[in-house]
Amino acid sequence: MYPEYMNESLDKVAKSRNKRFELAKSGKPVFPPMSAEEREEVLNKFHPDYKPEARRKIRIGPNKGEQLTTEVADMLESYSRVKPELFDLSRPDYETDILIIGGGGAGCAAAIIAMQEGAQSIISTKLRMGDANSMMSQGGMQAAVPEKDSPTRHYLDAIGGGHFENKPELVRALTEDGPDVVKWLEDLGVVWDKLDDGSLQVLHGGGTSRKRMHSCRDYTGAVIMRTLMDEVRNHPEKITALEFMPTIELILDKKGRCAGGVLYNLETEEYFVVKAKATIIATGGYGRLHIRGFDTTNHYGATGDGLIIAYRAGTKLLYMDSVQYHPTGSVFPEQIAGFLITEKIRGAGGQPLNKQGELFVFPREPRDVESSAFIRECLEKNNGIETPSGRLGVWLDSPLIEMLQGEGYINKQFPAMHRQFIRYGIDITKEPMLVYPSLHYQNGGIDINEKCETNLSGLYVAGEASGGVHGRNRLMGNSVLDYNVFGRRAGQHAAEYAKSVKLAPLTLEHIKNYENELKRAKIKTDLIAPVLLPSYTPEDVRRRQLTARYEGTLR
């Protein structure tokens, strides 16, 4: 239930709805899309990435001297959780063909394909299998399946959405593999939304020139993740899942190749050594670092672990100065601040409105542009709605969807969204949602090629932990496709590599070298990383926790 003081603004939204409905039904643009110059202006003035304090130079490692997101640079300039001299690497606790770090969509897809190539895998996951951003995606997956679409059009949309800074070979792999991924997932058991004639239902997403968004109501990520997990668990003889055992450092061999990892059991606080012929990082994003203080849509364990351990081992990062803020994160009810409100809502006709009930931006601009327009409306134009705790937001007019698509559409297409809000006395078929940009995705990551290979032999990366696929801005639905396409590719190529490699003796010498580099650069820090889990303990309380080792703002 909205506070009483918001009723005046809600009345304005309701009064403008019929006029906006008539315009939407006419087929004309409901608001003029921005020109390239207008997009650049709003990004430069209002996107959080463009603030001077948002980036700083990193002082050590493969990206030394480059401007990175400040919080990421801080985490990379940190000390390891392990003391290398305490480990006997000649007696590993586990040996396998492939160590897969991360139990989300990319990790599971990699394990399934590697299994089909004859490889044994161990999945090391921080929480339970499936506790990942993959599970939380709602809106859908892009793939150029419809007759009037093509991978070429999809490629052009993705390149344009990424500000033409994507790695072309990765975008080509993403878009060309798309149709096959749709079929592969359906064969595994994913039930896509379909029309009465049996054809696949597709919708628009922001920045797309064709309808190519495939969905499973608003449970798309959950349905895909459940399907992939089921397939993984159906093959315990080929795939071993180690839950609550994140990988906290990579292991190399004496020839400088990746050869496994050090795992930490969160329950028993024991360390374990895994020797692997090939390793795949699929650790997802870093939303729980709360870049620029923003709320996040990300799951609890999303603290960028894969970036840190790969960087210490010598892999280069790409576009780590770029963060994606999803335009529509919930700001009320405040118990679910940051909760993702899928872009599919705007694809179905939902409109962003200011406190005057006015549409102020084209609803399907690319995400970074749309987010910047929301921030401008709230901060510069003072047209936002303030919550009881002082957050600002704009309305997302969901009742308009029922008028455009027919009564019952929201309950059919967005059942999870409807249930989430009805718990707090807000019926989104009759009342709009209050939204503001929320930290959603790390556009950059570890530099890979189309085979998911890094510059470190034996190390592969898939999903959100990789960089270059989306340039400096990702379009809706391409992340779900990304973790499936590159998860499958990583599994295939890692399995092929594992068939022929002969590992030399193992070493953790790179950790000592990295920490010596910290000292030579005279970097003073108490940070220990990976942080594993975020801490929301107030700083004044942390100062009194004398028995806990200080690890910066996160633990």
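Draft legend 1. Just the overall build of the protein chain, in detail. Counting secondary structure elements, the protein chain contains 17 helices and 20 strands. The globule rule puts the C-alpha radius of gyration for 555 residues at 24 Å, and the 23 Å found for the protein chain is close to it. Its C-alpha atoms give the protein chain principal-axis dimensions of roughly 75 × 55 × 40 Å. Buried positions account for 62% of the 555 residues belonging to the protein chain.

Draft legend 2. Structural detail: the pairing of strand 9 (residues 258–264). Counting buried positions over the seven residues of strand 9 gives seven, a clear majority of the element. Across four bridges, strand 8 (residues 247–253) lies against strand 9 in antiparallel orientation. Counterpart to leucine 250 in the pairing with strand 9 is glycine 261. Between the end of strand 8 and the start of strand 9, which pair antiparallel, lie four residues, with glycine 256 showing a positive phi angle near 85 degrees.

Draft legend 3. Geometry of the environment of phenylalanine 87. By the secondary structure assignment, phenylalanine 87 is in the loop between helix 3 (70–76) and strand 3 (94–101). By relative accessible area, which is 19% here, phenylalanine 87 ends up buried. If we ignore the near neighbours within four places in the chain, the residues touching phenylalanine 87 are Val82, Val262, Tyr271, Val273 and Leu508.

Draft legend 4. Summary view of the sheet that holds strand 11 (residues 317–318). Pairing in this open sheet of three strands is mixed, and the strands run 11-17-19 from one edge to the other. At either margin of the open sheet sits one strand with a lone partner, and together these are strand 11 and strand 19 (466–467). Strand direction decides the pairing type here: strand 17 (residues 445–447) and strand 19, joined by two bridges, are parallel. By the bridge assignment for strand 19, isoleucine 446 is matched with serine 466.

Draft legend 5. Representation of the state of the cysteines. A full pass over the atoms with the stated rule returns zero disulfides. Sulfur of cysteine 108: no disulfide; nearest cysteine sulfur belongs to cysteine 452 and is 16 Å away. The class of cysteine 108 is buried, set by a relative accessible area of 0%. Taking the relative accessible area as the measure of exposure, cysteine 452 reaches 0% and is therefore buried.

Draft legend 6. How the structure looks around the packing of aromatic side chains. Throughout the structure, instances matching the rule amount to eleven aromatic pairs. Judged by centre distance (6.2 Å) and plane angle (80 degrees), the ring pair of tyrosine 311 and tyrosine 514 falls under edge-to-face. One end of the pair, tyrosine 311, is in helix 9 (residues 305–313); the other, tyrosine 514, is in helix 16 (residues 509–520), with 203 residues separating them in the sequence. Taken together, Tyr2, Phe332 and Trp395 form an aromatic cluster joined through their ring pairs. When the ring centre of tyrosine 50 is taken as reference, the NZ or CZ atom of arginine 55 above it lies at 5.8 Å.

Draft legend 7. Focus on unusual backbone geometry. A cis amide bond links phenylalanine 332 with the next residue in sequence, proline 333, at an omega value of 0 degrees. Looking at the secondary structure, you find proline 333 in the loop between strand 12 (323–332) and helix 10 (344–347). In this model, arginine 217 sits at a positive phi of 50 degrees, which is unusual for a non-glycine residue. Examined against the element boundaries, arginine 217 turns out to sit in the loop between strand 6 (213–214) and helix 8 (220–233). According to the relative accessible area criterion, arginine 217 is partly exposed, its value standing at 29%. Of note in this structure, phenylalanine 244 is not a glycine but carries a positive phi near 55 degrees.

Draft legend 8. Looking closely at the environment of glycine 103. With respect to the helices, strands and loops of the structure, glycine 103 is situated in the loop between strand 3 and helix 4 (105–116). In this structure glycine 103 comes out as buried when scored by relative accessible area, which is 5%. Look past the residues within four positions of glycine 103 in its chain and what remains in contact with it is Cys108, Ile123, Ser124, Thr125, Met129, Gly130 and Met225.

Draft legend 9. Representation of the confidence of the model for the protein chain. Looking at the protein chain as a whole, its pLDDT mean stands at 95, while 98% of the residues score no less than 70. The low-confidence segment residues 549–555 (pLDDT under 50) makes 28 contacts with residues lying over four places distant or belonging to another chain.

Draft legend 10. Region of interest: the pattern of salt bridges. A full pass over the atoms with the stated rule returns 36 salt bridges. Arginine 346 is the partner of glutamate 370 in a salt bridge, and the nearest nitrogen-oxygen pair spans 3.7 Å. In this pair, glutamate 370 is assigned in helix 11 (residues 367–379) and arginine 346 in helix 10, connecting sequence segments 24 residues apart. Using a relative accessible area of 0% as the deciding quantity, one classes glutamate 370 as buried. Given a relative accessible area of 1%, arginine 346 falls into the buried group. Linked by salt bridges that have partners in common, Arg56, Arg59, Asp74 and Glu77 make up one network.

Draft legend 11. How the structure looks around the packing of helix 6 (residues 151–161) against helix 7 (residues 168–188). Relative orientation of the contacting elements helix 6 and helix 7 amounts to 135 degrees, with a least axis distance of 9 Å. It follows that helix 6 is oblique to helix 7 by the angle criterion. At the point where helix 6 passes helix 7, the crossing takes the right-handed sense. Along its contact with helix 6, which presents Pro151, His154, Tyr155, Ala158 and Ile159, the element helix 7 presents Pro168, Val171, Arg172, Thr175 and Glu176.

Draft legend 12. Up close: helix 1 (residues 7–26). Across its 20 residues, helix 1 extends 29 Å between first and last C-alpha, which sits within 8% of the 28 Å expected from 1.5 Å per residue. Along its length, helix 1 reaches its greatest deviation from straightness, about 40 degrees, at arginine 17. When helix 1 is considered as a whole, its buried residues turn out to be Ser9, Leu10, Val13, Ser16, Arg17, Arg20 and Phe21.

Draft legend 13. View of the side chain of aspartate 157. Take aspartate 157: it is sitting in helix 6. Residues contacting aspartate 157, with those up to four places away along its chain left out, are Gly207, Thr208, Ser209, Arg210, Arg212 and Leu475.

Rules of the game
Residues numbered from 1 in each chain as written. Predicted model: local features only at pLDDT ≥ 70, side-chain atom pairs only at ≥ 80, totals over all residues. Heavy atoms only, no water. Helix = DSSP H or I, 4+ residues; strand = E, 2+ residues; numbered from the N terminus. Rg over C-alpha atoms; globule rule 2.2 N^0.38 Å. Buried < 20%, exposed > 50% of the residue type's maximum accessible area, 1.4 Å probe, protein only. Pairing = 2+ DSSP bridges. Contact = heavy atoms within 4.5 Å. Disulfide = S-S within 2.5 Å. Phe/Tyr/Trp six-rings, centres within 6.5 Å; stacked < 30°, edge-to-face > 60°. Lys NZ or Arg CZ within 6 Å of the ring centre and 35° of its normal. pLDDT = per-residue confidence, 0-100. Salt bridge = Lys/Arg side-chain N within 4 Å of Asp/Glu carboxyl O. Axes fitted to C-alpha atoms, helices over the stretch in contact; angles between N-to-C directions. Parallel < 35°, antiparallel > 145°, perpendicular 65-115°, else oblique. Left-handed = near helix turned anticlockwise from the far one by under 90°. Expected span 1.5 Å × (residues − 1). Bend = angle between axes of the 7 residues up to and from the residue.

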